[in-house]
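Observations on chain architecture
Each chain, written out:
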Amino acid sequence: MSMLQLTRRETPVPAASGYVLSAAEVSKRYGEGDSHVDALRGVSLEIEEARLTAIMGPSGSGKSTLMHILAGLDRPSAGSVSIDGVEITPMNDSQLTLLRRAKIGFVFQFFNLLPMLTAEENVLLPLSIAGRKPDGEWLEQLLETVGIADRRRHRPAQLSGGQQQRVALARALVSRPSVLFADEPTGNLDSQTSDDVLRLLRDSVDELSQTTVIVTHDPHAAARADRILFLADGQIVKDVHESTAAEVLAAMQEVSGR
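Predicted model only: the values in this text are computed from it and were never measured. (Residues numbered from 1 in each chain as written. Predicted model: local features only at pLDDT ≥ 70, side-chain atom pairs only at ≥ 80, totals over all residues. Heavy atoms only, no water.)

Quick notes on the packing of aromatic side chains
Evaluated as defined, the whole model comprises two aromatic pairs. Here the aromatic rings of Phe 106 and Phe 108 are separated by 5.7 Å at their centres, their planes lie at 10 degrees, and the arrangement is stacked. Consider the rings of Phe 106 and Phe 181, whose centres lie 6.3 Å apart with planes at 25 degrees: the pair is stacked. One end of the pair, Phe 106, is in strand β6 (residues 104-107); the other, Phe 181, is in strand β7 (residues 179-183), and 75 residues separate them in sequence. Of the two residues, Phe 106 and Phe 181, neither departs from the other in class, the shared state being buried. Through pairs of rings, three or more aromatic residues link up here, namely Phe 106, Phe 108 and Phe 181. Lying over the aromatic face of Trp 138, Arg 176 brings its terminal NZ or CZ to 4.6 Å of the ring centre. (Phe/Tyr/Trp six-rings, centres within 6.5 Å; stacked < 30°, edge-to-face > 60°. Helix = DSSP H or I, 4+ residues; strand = E, 2+ residues; numbered from the N terminus. Buried < 20%, exposed > 50% of the residue type's maximum accessible area, 1.4 Å probe, protein only. Lys NZ or Arg CZ within 6 Å of the ring centre and 35° of its normal.)

Encoded structure:
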């Protein structure tokens with residue numbers, strides 16, 4: 001089944017500015033005095049709806065910290081973050097938890113599936129936690145599209161790494177989030193399985209209008225993106241669009257040599 005056959009009953013309404021996600025002068029400092037570390041230094045960005053954005057940078061550049069702050073998993077030391085036009089920075093922990101359930105999906109490098117649950121139960125977990133009933137038709141189409149419909153009763157230990165990541169992707173999409181965040185989604189996969197997962201991420205953007213942000217060190221993964229932000233020393237130092245893997249690699253070498 002093609003992604004084109006999937007339809008959303010509820011489509012997130014973007015902010016009036018046209019940006020689903022934005023950050024203004026975001027900084028993150030760890031420690032105090034002479035021993036402090038500035039993981040982020042005045043980062044500002046705007047992410048448009050239905051775009052795949054990749055964040056790249058050398059180790060220690062601040063890319064994972066930035067994703068965690070954009071997703072409401074961490075708080076900035078200064079600056080602000082907005083999702084669907086709502087500023088999340090002043091929210092308390094309970095409010096952030098509700099926001100993440102309603103508007104954010106996550107795909108992690110290590111899958112984070114619960115071993116005692118079946119594939120289908122893992123997919124439905126965000127809805128179960130939120131007390132929401134699943135849309136049966138959407139669930140069936142989603143499981144079929146990501147290629148795990150025939151593995152729905154299997155537990156994670158009975159699935160390959162690629163199948164587990166497909167379960168994780170379906171889990172992230174099942175709630176129809178405003179923004180999907182993927183942290184090194186192909187980091188533990190072989191090249192063929194990585195291509196399959198990246199294709200699914202790309203299709204979810206093109207055919208479901210799913211706004212997606214990925215953190216990756218893989219030039220081939222970043223080359224699937226509409227836009228690539230390069231970080232170095234806690235700042236965005238390069239912003240490019242629709243690059244080849246070779247161009248991404250050259251840009252990374254340039255950024256790493258700063």
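Continuing now.
What about the environment of Pro 115?
The residue Pro 115 is located in the loop between β6 and α3 (119-130) in this model. A relative accessible area of 55% places Pro 115 in the exposed class. Measuring from C-alpha to C-alpha, the distance between Pro 115 and Gln 158 comes to 9.7 Å, with 43 residues separating the pair along the chain. Filtering out sequence-adjacent residues up to four positions away, Pro 115 remains in contact with Arg 155 and Pro 156. (Contact = heavy atoms within 4.5 Å.)

Here we look at the environment of His 68
Inspection of the secondary structure assignment puts His 68 in helix α1 (residues 63-70). Classification of His 68 as partly exposed rests on a relative accessible area of 28%. Measuring from C-alpha to C-alpha, the distance between His 68 and Asp 183 comes to 9.5 Å, with 115 residues separating the pair along the chain. Dropping the residues within four chain positions of it, His 68 is found in contact with Leu 73, Asp 74 and Asp 183.

Describing the nonpolar core
One finds Val 123, Ile 228 and Phe 230 to be the most contacted residues of the largest nonpolar core, which totals 45 residues. In this structure, Ile 228 is in contact with Ala 54, Met 56, Ala 222, Lys 238, Asp 239, Val 240, Ser 243 and Val 248, ignoring residues within four places of it in sequence. Membership of the second largest hydrophobic core comes to 28 residues, among which are Leu 70, Ile 83, Met 91 and Phe 181. (Core = buried A, V, L, I, M, F, W, Y, C linked by side-chain atoms within 4.5 Å.)

Structural notes on the sheet that holds strand β1 (residues 19-30)
Spatially, four strands are ordered β2-β1-β4-β5 in an open sheet, and the strand pairing comes out antiparallel. The open sheet has two free edges, formed respectively by β2 (37-48) and β5 (86-87), since each of these has just one partner strand. When β1 meets β2, the two strands line up antiparallel, connected through eight bridges. From the neighbouring strand, Lys 28 faces β2, where its bridge partner is Leu 40. α1 contacts β1, β2 and β4 (78-83) of the sheet and is inclined by roughly 55 degrees relative to β2. (Pairing = 2+ DSSP bridges. Axes fitted to C-alpha atoms, helices over the stretch in contact; angles between N-to-C directions.)

What about α3?
Here α3 has its buried residues at Ala 119, Glu 120, Asn 122, Val 123, Leu 124 and Leu 127. Looking at the packing, one finds that the buried side of α3 touches α4 (136-146) and α5 (161-173). Gly 131 lies just past α3 and shows a positive phi near 70 degrees.

Considering α1
Most of α1 is tucked away: six of the eight residues are buried. Buried within α1 we find Lys 63, Thr 65, Leu 66, Met 67, Ile 69 and Leu 70.

Looking at the pattern of salt bridges
Summed over the entire model, instances satisfying the criterion amount to 17 salt bridges. Here Lys 28 and Asp 74 are joined by a salt bridge, their closest N and O atoms 3.4 Å apart. Placement of Lys 28 in strand β1 and of Asp 74 in the loop between α1 and β4 is noted, with a sequence separation of 46 residues between them. For Asp 74, a relative accessible area of 26% puts it in the partly exposed group. Between Asp 226 and Arg 202 there is a salt bridge, with its nearest N and O atoms 3.1 Å apart. (Salt bridge = Lys/Arg side-chain N within 4 Å of Asp/Glu carboxyl O.)

Some words on unusual backbone geometry
One non-glycine residue, Glu 25, lies in positive phi territory at about 50 degrees. Following the sequence through the fold, Glu 25 ends up in strand β1. Not every positive phi belongs to a glycine, and Glu 184 is a case in point at roughly 45 degrees. Mapped onto the elements of the fold, Glu 184 is located in the loop between β7 and α6 (191-208). On the basis of relative accessibility, which here comes to 13%, the residue Glu 184 falls in the buried class.

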